[in-house]
Every structure is written in structure tokens, then in C-alpha cells.
Amino acid sequence: MSTKVEKIVEFEIHRFDPETKRRYVSTYKVPIRKGMTLLDALMYIRDNLDGTLAFRSSCRMGICGSCGIQVNGKPMLACYTQVLHLNADKLVIEPLQNFPVIKDLVVDIEPFFGTYERIKSVLIKPEEELKKSVEFIQLPKDLKKIWDLALCTKCGICYSSCPAAIDERFLGPSTLTTNYRFIIDTRDEGAEERLKVTADNIWLCTSCNSCTLFCPKEVDASSSVVEERSLIVETGNIPRTVMDVLTSVMRYHNPMGRYPTKRMEWAEGLNIKTYPNVNKADVLYFVCCLTAYDTRHQEIAKSMVSLFNRLGIDFAVLGNEEWCCGDHILRLGEKGLFEELAEHNVSMFKKFEANKIVTLSPHCYDAFKNQKPYSDIGLNVQHYTQLLADAIEKGKLAPSKPINKKVTYHDPCFLGKRNGIFEEPRKILESIKGLELVEMKRNRENSFCCGGGAGRVWTEDAPVEKRPCVNRVKEALDLGVEVIATACPFCVSTLEDATKVLDVENKIVVKDIAELVKEVL
Amino acid sequence: MEKFTHDIVIVGAGIAGLRAAIAAAEASKEINVAVISKIYPVRSHSVCAQGGTAAVLREGDSYDLHAWDTVKGADFLADQDVVEFFVRRAPQEIINLEHWGCPWSRTEDGKINQRPFGGHSFPRACFAADMTGFHEMHTLYGKAKTLENITFYDEWFVTSLLVEDNTAVGLTAIELKTGKLQAFKAKAIVMATGGYQRIYQFTTFSHTATGDGMTIAYRAGAPLKDMEFVQFHPTGLVPPGVLITEGARGEGGYLLNAKGERFMKRYAPEKMELAPRDIIARAEQTEINEGRAFQGPYGPYIALDLRHLGEEKINERLPLIRDVAIKLAGVDPVEEPIPIRPAAHYAMGGIHVNIKTESPIAGLYAAGECSCISVHGANRLGTNSTADCLVFGAVSGEEAAKYALSKSFREIPKDKVLEEEKRIFDGILGKEGDEKVPAIRDEMRKIMNDKVWIFRTGEELQEALKEIRKLRKRFENIRVEDKGGAFNMGLIEVLQLDFTLELAEVTVVSALARTESRGAHYRLDYPKRDDKNWLKHTLAYYTREGPRLEYIPVTITKWTPTERKY
């Protein structure tokens, strides 16, 4: 097979020699022809350039799950990716994360397969049923429910990108999905037993969506976890910490259990238009529970007010009628409660005739944009970073004071991974004079979750080393930055906690972009 | 050198190996089973099986009909007693998998659905869309993991069998993670290591399908049977060779030449695209040889046209091959025909075993593609191989369990283990030769592709034999670049190349001797089937000078050989 060489691509391969325990990098130039996959390229290297390179492979058709690797920070199957489709002249190839490396690109995947030992991947039925010599009936529509979830090849890519999997109590996206696939299999009678296995660890998932995003078979593990949780919520067998969050929201419409009547305390003296005193404005500013109630976060809420004012935007807030958007509640599996919250907010949006909503939190943003019933009414919703980036680009907002610091940006999952908003926050930061923006290795789509999603911001009980936020702050510390900028109240909260438990508050601070912009105006 | 002891050691963790493990473990809780595999079980090539698994389940079908289709498909080289046993046991295996959770595709009323397949005169292919092997594997793996008397040795590479007084007593294996050679003591050993089509250039097979178990058993004294019979699958995706399921034709797909003609009308007017694989592969190769194929950047190809099936049906029944065609060939079957040509796909031959899966070495069993029992004779029907793996995987597990319960352990011969250590670490790893794997491997594959393909001649087979032997000579001077221990893939590639070279030679020698055309073995110089002289199985025995051939008769129970027409 000799089609012409389309281009030469440089492969920078991050290697590990188990004999000397040495980590090193080898660089190879590979002639790429049409149709060549990453696996073909690795084979080319081993055959022609370096016979010592170790990697796994088998089926070369994306079904055996052997060849997961990290390519430019993104996990993928080498055999199922065409080199030319990556549109790159240089590729950085690394072993999958979250696993110990055995040699070069070969990782010890045992911890991943070990999680399968903790569930039963076989139908649970009474003995006498299993002795029958005819098949159990399953209608095509019922098969359809499990089919997509049964496509998991156990390649371990989801596990490699999972922030919760750094804690070995967690079963991991793949195993939880397989567990769920059996629970909803109409032939299975073991739901109770299966839910018990997950009930104490499933709450570690932060709904960051990496598993779903990177799955070569497009298995939606992230949603399966949520569905599985909702079944556990139905049984009532949930940890105290989760119960507290749900109860608070049920009673007070905010997860922190604060009185709704105190929701506007942060805005005292700011003279903000507030429903029902005002029932129309160009922009409805949706504040978010955490920012409204938490003293530290109120600074962010206030910063945003200054920015609105500076831009001359006519805005208002819902005041005590702003209820939790429900995102965390939905991800914790309490669908009924989420609907209640959403219906209230939707009715308020309608009464207010909200033409445009600006949210501080990416979680509110995602809920309004993508979750029913919010999404049914076609809301015009913006995350504040979109608004600011646009204003800066149009010259309506010009940061004047400098920040002479090295700053990194942490992508909030609900802004980035779930909604593709990667560049706006960076544009804002880059517009600040003196600010040197440096990227963490795991950025944009490959960003590592802070660990705050799906209610975990309130339920965190992992040992310090196993908290995603600690892992993330360490990454930022390694970069030598003084500021971690982000654009989500929950990221601010978890990352700031991590700086405290690591006792590095004097070295590194966490700031919301709204705060940084306010500082420089 | 550590020693590991298990009543039964199963080598290979594909469908046959996992099924054997389950059967052995369920036979008695007292039995301690080990499954050794050079890759994690769910990475086995069985996950690539797509189209279905044959079994008689419905009214209108019958055991006799399935058996007859199989025997006729086999061009009468199958052992009919084995075939009769096989068709009767297959349905239970489908039900077993169903009860363990396999997501079989369903009929409207919720029963297991079945689709038509080549050479079968009834739609009896049970399927899970076009990922049948994948789902069977994950189901078996899930089931096997629930049995406490099975221990998995994942990523252990078996190098040799330990045989004393014609009795298998253990084996040697390298633990890839550490690179150390270890000895296993066992009462019974089941080989379930799959096929060896990686001896060819253009193949549907995984990189890891290198016939390890066949060579290991052969060198230990077990004969290899019917190795001249290599199945060429009519639809290997161009360029990579990856399988495009026969189910695509089962669902109604057409094969077209460059003139847009459904050329099968000239070769099998009745069955058309659903004739057995040997016939279609020859038809395609003829179209190619006679200049009626399409010409593309990767050589000539035939078009597999599914467009008339419509997007909905393709998504429901053939989702994997749609994805594979898009990802690996840049072709969406909903929009345009898939470029294909015949690809080396399956070994009808393998370790000689009887109806109980026993090899001539006591305590050594074999099941699945690495064995030859013989259900498939000279040409296997599609969907009969996963069924074979399930049925005879189970039989091998049961038989090995019976055997193990009645025997006691024997000491493993230390000298042989040390000899094996020396052969690998001093003889191969330590040697400073100047030959490299890629050169010899690629040369072997080219020879097999050019001279031991669909149409064969004595002259070309002679040349191939000479060239393969030259390569074996060169192999003695092989060099492993990587001198390390852990995950030394260079060393593994050398060991695999060694295994495949051996099998390439046996294949050529067996093909050269068989001066007739039968099933997948077609000799241009002997184009007719010759029942008078060749209605017999080839047995190849290992000698230092190369394979020594013997022949044994075919078992005929009900069906006298007749002319094979479709």
C-alpha cells in the first residue's frame, strides 16, 4: 500500500523506563499517508525508528479497547484516529492519566478492571428462572434502553480522565454505567443489590462530563451516573451530607439552608432593581445561591454589579424569588425537586418577561440553556464572561490598571466541557495589562475538574490528597502562578479550600474573573 | 522461577477460552481454574466477530438442516458426527448467553432475532446488531468474573507446553509486567488461543492473532490438522483489511464490480451474495484478476453497496461497520458503497482434537479456532465459528474438568523449564544478531499473500515453501533491540514471529500436498474435487526437518458427498 506521503508529523512520546525508573521524551518524524491511524504511526516508529517503544494494541478497529493514549492532552484510541484528521504537525503522545505507568505508553490498568470485581456483570434472577431453556422475553424498545450503554469496551479512557477516580472508593464511569445497564435491563431482578454497591461512592462523581466527552463509543456514562443516583434517591439510602443538601433546597430553595428572605443581603446599599418592585429590565441578572449567601462569594456578586453599571446596562434581579437553578440537585438525582425549582424560576422568567438572562454561574447557565423545562422556553441566556468578552472586543469596556502577575485560568466544566466556552474567559484575561496568562497542562476540553460539581462542593469527604481541587491547585502551583482565575463560584470555592488545606494561601490566590476585571477598571 | 499450580489451565480468553473456564469452574467447586491470556480477556480477537452465531431455534429450521448446510459448506470434509453434536448443542449456548445478559437483537415480540447468512438455508444467525462477538465476550467475561474458582492471569505470554510421557503436565509463561518466565503446573490444559491469520498481509485479524497455541501444541507433539484450509472473507475493508460483516449481505447488501454489475449472478445464481465465503471470495478474485474491479489508491477493490437498505436499517442492524467504514476508510455506507476485497480471515485447520476436544497428548485439550475438530471441514459457514467456540469451549471445559478430577498432579520437569528460560533469554534476547522482526515478518506476509492466496498452484507453493524456509533460516539470526524485562514488546514480537513462521510453513506444506480443489483450498493445477484420493484430513506432525504429513479418514454419518452447487 503505497499512497503518497502527505506530510511529516513529529511525534513527541513521553516515555518511562521501568528498569531505571527514568522518565524521558523521544521524538520521531513519521511520514504520514492518507488513511494512517495513530496506531499505524506508532507501529511505524517501532518497526523503523525505535524497536524499544512499548504500547498496547490488538483489534485496530476500535472494539477491543487496548490502545488508549493521550494525544495533545486528550485521551483517545490510537487505532480509531486518523493522523491527518488531527491537523497537526506535532503530536505530544503520553500514557493515559490516573494509572501507574508500566513502560512507555503501557499503563497498569489493573485498578480499572479491579472496579469490575465489585459489581455483577451478569443477570441476577432466581435460580429456577435461570434454569429455563427458553429465552427471557425482551422487547426491542427495552433492548434499546440498554444498548448504547452496553457498547462500553472497557478501554479505560473514561477512568483516565475522571477527577473522582483519583479516590479508589469510586467505581468509575465505566463500571457505574455497566451496573446501571443491568439495573435497567428488563430481564434483571437485582436492582436492590446493585444499588447498594454504589450507594456510598457514587456521590463522588462531579458530573464534569469528561467520561462522556472522551468515550470512543459515545457511551453517556455521565448521564448514567445521574440516572443511577436518582434510583438511589428513591430508595432513600443516601449519605447524610447529600440528604442535608436536598433538604435545604427543599425547605429554603438554596442548598446552604439559609433563609430566602436573606437572599438579597449581599446587595444592601447597592440600589439594585429588584422584582417585584421592578418587573422589567434589559437584563435579568441571575446571581446563584452560593454568590448570594456566602460572604466571600458576595464579592463576586458585587463585582458583577459594578461591571453592569460600568457598561450602562439596565439590569435587575429576582430578589427573594430567585430560587436555586437546581443544577446540582438534578445531578444528585433528585429530579422531582429540580423540576419544582425550575418551574418556579421559569414562571418568574415569564412574569418578568426576561429577554436576556446573564448568569454568574456556569451551572445556572447550563441548566437554563440545556435542561428541560428551562430549555423549552428558549431563553436568551449568557454567561457573564461572554458578555464581558463581547464588551471588551467592541471597546465598550477597557481594563486600564495593570495586574503584573502570572495567572492561570481554570476552565469550569459546565462552561467549557459542557458548553464549549473556552476562549471568552481567556480573551478577558489577555486584555488585562501586565497579566501573563499561562496555561496548565490540562486545559480547555482536557481540563481537570475542581471537584465541586453535582453537589460535591457541599458533600466532600475525601482525604485531602484525593480531592480533585487539591490535585488541581498543585498543578497550578507547579506552574509557579500567583493567581488561579476562574469563572464559576463553585470552582472558586473548592480551589480556595484547597489552597487552605495545602496551606499555600500566601503563595496563590483564587479569583473569579469578574473580580479581576472590577479591580482593573 | 516461581511455580503456579492449578487443576486446569486455559490458555486464551476469547469466546472459547472464557466458555471453557466457565464450564470447568461450574463442573465442580473443587476445581481450581486458571485463565492465562497475553492480553486482557476483552481485548481478544473474538470481540471482532460481528455477524452472528448460528443455532436452530425456530420452527421451520431443524438440526438436520443446519448440519447439512454445514457439511455442504465444508465441501464434505467436516466430520459428520461432530457436526451433528455441534448443531444440537448450539441452541443451549445461545440461551446460556441470554440468561447471563447478552443483549441479543430481538423480534417484535421480544424473542431472539435471527438473520440470514451465507450458505445457511434458514435465517438462523442470532445476532447483537453487528457486534455479536463483542457482546458475547463481555457477557462471558462478566459471568466468568462471578465464579470464585477462576483466577485470571492477564498479560501473561505462554511460551511452551511441558509434556512428560505424552501427558501435559504444565506450561511456561512470561509475565509481561515483570518480564519473568514462570512455570505453571496443571492436570489439564485447554488451548483456546484463536487463529493465525497474521501470517498474511491483508487480513481481518487483530495484531495479536498469531497462532501461539497452535505452534506450542505442535512443537509439543500434537499434530495440526487441515492447515491448508484458510478462509478468505469476501469483505475485508480497503485499506486496512478490517472485517465488514457478512451480515451486511445478510441484510440485503450487493456486491458490485466496476461495471456496476451484481457479478455473483455468474457464480452462484441462486444464492447470489449469500453463497458460502469460498465461492464469493473466488468470484471477487476472478473479477479482480480479469480487470473488472474498481481501481483505487490502495489497489483494486469491489464495491459492497448498502445504500438501498436505508439509514435506519443500517443504524439498527449494522452500526459498527458504518462507524468503522467512516473512521477507517472515510466512506459512509449510507452515502456510498464500501470498498472491499477478500481478506485472510479464518483457519479451518488447527490442533487435531476428537469430538471430546482431546488432543493426542493426554490432558491437552483445544477449542475454538486454534483447534480442528472438524466442524468446518474445507470451508466454514459464517456464524458457525462463534457457535463452535461456545459449544466446544464448553465441552473442553467439561472434559478437562472430568479428567482433572480423576488425575493427580505430576511434577513439572525442571530441566525443561530451565531449557526454555535459556532458549528465550540467552538464545533470543541475549543474541546479538542482525535480523529484525519487521523485515522477516513483512516478507512472510507478502509471500503468503502472493503465493498462498485464494488461487494456488504447485509451482507457486513450491516457491513459497523455499522462501519461508529461507526466512526461518534468517530468523535464527534475529535481534531484539529492547534488552529490558518489563513489557518487552520487541521480545514478544519475536516469539510471535517464530510461531507464525512455523504455521506458515505447515500451511504451505499441507497445501502443496493436497492436489485437489476443495472448499477454500483451490489449486489451479488441480481444479476438481477428488473424493477418491482426498476425502481425508491432513495431519502435520512436527519434526526438525519440517512437517511430516499423515492422513486420516473423514467421518461420514448421513450425507454422502455430492457436487456442491449454490
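In every chain, residue numbers begin from 1 and rise along the written sequence. Chains carry letters and ligands carry numbers; both start at the beginning, A for chains and 1 for ligands, and go up in the order they are written. Only residues with pLDDT of at least 70 get local features here, since the model is predicted, and only at 80 or more are side-chain atom pairs given and counted; chain-wide, interface and lining totals rely on the full set of residues. Excluded from the side-chain calculation are hydrogens and water; included are all heavy atoms of the structure.

A. Quick peek at the overall build of chain B. Working definition: helices are DSSP H or I runs of at least four residues, strands are E runs of at least two. Numbering for both runs from the N terminus. Across its full length, chain B carries 15 helices and 22 strands. In this setup the radius of gyration rests on C-alpha atoms only. A globule is expected at 2.2 Å times the number of residues raised to 0.38. Over its C-alpha trace chain B gives a radius of gyration of 22 Å, about what one expects of a compact globule, namely 24 Å for 566 residues. When the backbone C-alpha atoms are referred to their principal axes, chain B occupies close to 65 × 55 × 50 Å. Only protein chains enter the accessibility calculation, which uses a 1.4 Å probe; a residue is then buried when its area is under 20% of its type maximum, exposed when over 50%, and partly exposed in between. Among the 566 residues that make up chain B, the fraction classed as buried is 69%. Contacts spanning at least 24 positions in sequence make up 75% of the contacts within chain B whose residues lie at least 6 apart. Working definition of accessibility: Shrake-Rupley area with a 1.4 Å probe, residue cover restricted to the visible protein chains. Accessible surface computed for chain B: about 17,900 Å², of which carbon and sulfur atoms make up 48%. Between the centroid of the 73 positive side chains of chain B and the centroid of its 79 negative side chains there is a distance of 2 Å. Residue contacts are defined here by distance: any two heavy atoms, one from each residue, within 4.5 Å place the two residues in contact. His is not counted here, nor are the chain ends, while Lys and Arg score as positive and Asp and Glu score as negative. The atom standing in for a charge is NZ when the residue is Lys, CZ when it is Arg, CG when it is Asp and CD when it is Glu.

B. Inspection of the sheet that holds strand β12 (residues 406–409) of chain A at higher detail. Residues and elements named next belong to chain A. What the 4 strands build is an open sheet, ordered β13-β12-β14-β15; its pairing is parallel. The sheet terminates laterally at β13 (436–438) and β15 (509–512), the two strands that pair on one side only. Pairwise comparison of adjacent strand axes, ignoring direction, gives a mean angle of 35° for this sheet. Whether two strands pair comes down to DSSP finding at least two bridges between them. Pairing analysis gives 3 bridges linking β12 to β13, with the strands arranged parallel. Within β13, the position partnered with threonine 408 by the bridge is valine 438. Taken strand by strand, helix α20 (residues 489–501) contacts β14 (483–486) and β15, and its axis lies near 170° from that of β15. Fitting a line to C-alpha atoms yields each axis, with helices limited to the stretch in contact; the angle taken between N-to-C directions then spans 0 to 180 degrees.

C. Structural view of the interface of chain B and chain A. Contacts between the two partners involve 68 residues from chain B, matched on the other side by 66 residues from chain A. Each of two parts loses accessible area, computed with a 1.4 Å probe, when they are put together; buried area is these two losses added. At the boundary of chain B with chain A, total buried surface from both sides reaches about 5,500 Å², with 57% on carbon and sulfur atoms. Of all residues in chain B, Arg43, His99 and His207 of chain B bury the most surface against chain A, accounting for 14% of the area lost on that side. Every case where a carboxyl oxygen of Asp or Glu lies within 4 Å of a side-chain nitrogen of Lys or Arg is listed as a salt bridge. At the junction of chain B with chain A, the criterion picks out 8 salt bridges. A salt bridge links glutamate 155 of chain B to arginine 56 of chain A; the shortest N-O distance between them is 2.5 Å. Residue assignment for the side of chain B that touches chain A shows that the elements contributing at least two residues are α3 (80–100), α4 (132–145), α9 (319–329), α12 (437–451) and α14 (489–513) of chain B. The biggest single contributor to the side of chain B that touches chain A is α4 of chain B, with 7 residues. When residues are grouped by polarity, Ala, Val, Leu, Ile, Met, Phe, Trp, Tyr, Cys and Pro land in nonpolar, Asp, Glu, Lys and Arg in charged, and all others, Gly among them, in polar. The residue inventory of the side of chain B that touches chain A, partitioned by class, reads 29 nonpolar, 21 polar and 18 charged.

D. The arrangement of the sheet that holds strand β10 (residues 357–359) of chain A in detail. Residue and element names in this part refer to chain A. Pairing within the open sheet is parallel, and its 4 strands lie in the order β9-β8-β10-β11. Looking at which strands have only one partner, the edges of the open sheet turn out to be β9 (315–316) and β11 (381–383). Bridge count for β10 against β11 is 3 bridges, and the pairing is parallel. Across the sheet, the residue bridging to valine 358 is glutamine 382, located in β11. On top of the sheet, helix α12 (residues 295–311) reaches β8 (283–286), β9 and β10; it is set at about 165° to β8, its chief contact. Seen against the sheet, helix α14 (residues 335–352) touches β8, β9 and β10 and runs at an angle of roughly 155° to β8.

E. Region of the structure containing the packing of aromatic side chains. Stacked, tilted and edge-to-face are the three classes assigned to paired rings of Phe, Tyr and Trp, where Trp is represented by its six-membered ring and a pair needs centres within 6.5 Å; plane angles under 30 degrees give stacked, over 60 edge-to-face, the rest tilted. As enumerated under the stated definition, the model contains 39 aromatic pairs over all chains in all. With a centroid separation of 6.2 Å and an interplanar angle of 65°, the aromatic rings of tyrosine 275 of chain A and phenylalanine 352 of chain A are classed as edge-to-face. Of the two residues, tyrosine 275 of chain A sits in the loop between α10 (240–252) and β8 while phenylalanine 352 of chain A sits in helix α14, which places them 77 residues apart along the sequence. Residue tyrosine 275 of chain A is classed as buried on the basis of its relative accessible area of 13%. A cation over a ring is seen here: lysine 125 of chain A above phenylalanine 136 of chain A, with NZ or CZ 4.4 Å from the ring centre. Throughout this description, the term charge over a ring refers to an Arg CZ or Lys NZ atom that lies within 6 Å of the ring centre and within 35 degrees of the ring normal. Sitting over the ring of phenylalanine 409 of chain B, lysine 187 of chain B keeps its end group 4.8 Å from the ring centre.

F. Quick look at helix α16 (residues 384–393) of chain A. Judged by how many residues are buried, α16 of chain A sits mostly within the fold: 8 of 10 residues are covered. Among the residues of α16 of chain A, Tyr384, Thr385, Gln386, Leu387, Leu388, Ala389, Ala391 and Ile392 of chain A are the ones counted as buried.

G. How the structure looks around the domain arrangement of chain A. All names here are of chain A. Domains are outlined according to an automatic or database domain assignment. Splitting chain A by domain gives domain 1 (5–108), domain 2 (111–235), domain 3 (254–389) and domain 4 (397–519). For domain 2 and domain 3, the distance between their C-alpha centres works out to 35 Å. Listed by partner, the interface residues are 7 residues for domain 2 and 6 residues for domain 3. At the boundary of domain 2 with domain 3, total buried surface from both sides reaches about 550 Å², with 59% on carbon and sulfur atoms. Looking only at domain 2, the three residues that lose the most surface to domain 3 are Val226, Ser230 and Val233, adding up to 53% of its buried area. In this assembly, domain 2 and domain 3 are joined by 1 salt bridge. Of the charged contacts, one joins glutamate 227 and lysine 335 as a salt bridge, the two residues approaching to 2.8 Å between their closest N and O atoms.

H. Just the pattern of salt bridges, in detail. In total, this model carries 104 salt bridges over all chains according to the counting rule given. Across the salt bridge formed by glutamate 193 of chain A and lysine 120 of chain A, the nearest N and O atoms sit 3.1 Å from each other. Of this pair, glutamate 193 of chain A sits in helix α7 (residues 191–198) while lysine 120 of chain A is found in the loop between α2 (110–116) and α3 (127–130), placing the two residues 73 residues apart along the sequence. Judged by relative accessible area, which is 38%, lysine 120 of chain A ranks as partly exposed. The network of salt bridges with shared partners includes Asp75, Glu228, Asp278, Arg282, Arg514, Glu516, Arg518, Arg529, Asp531 and Arg564 of chain B.

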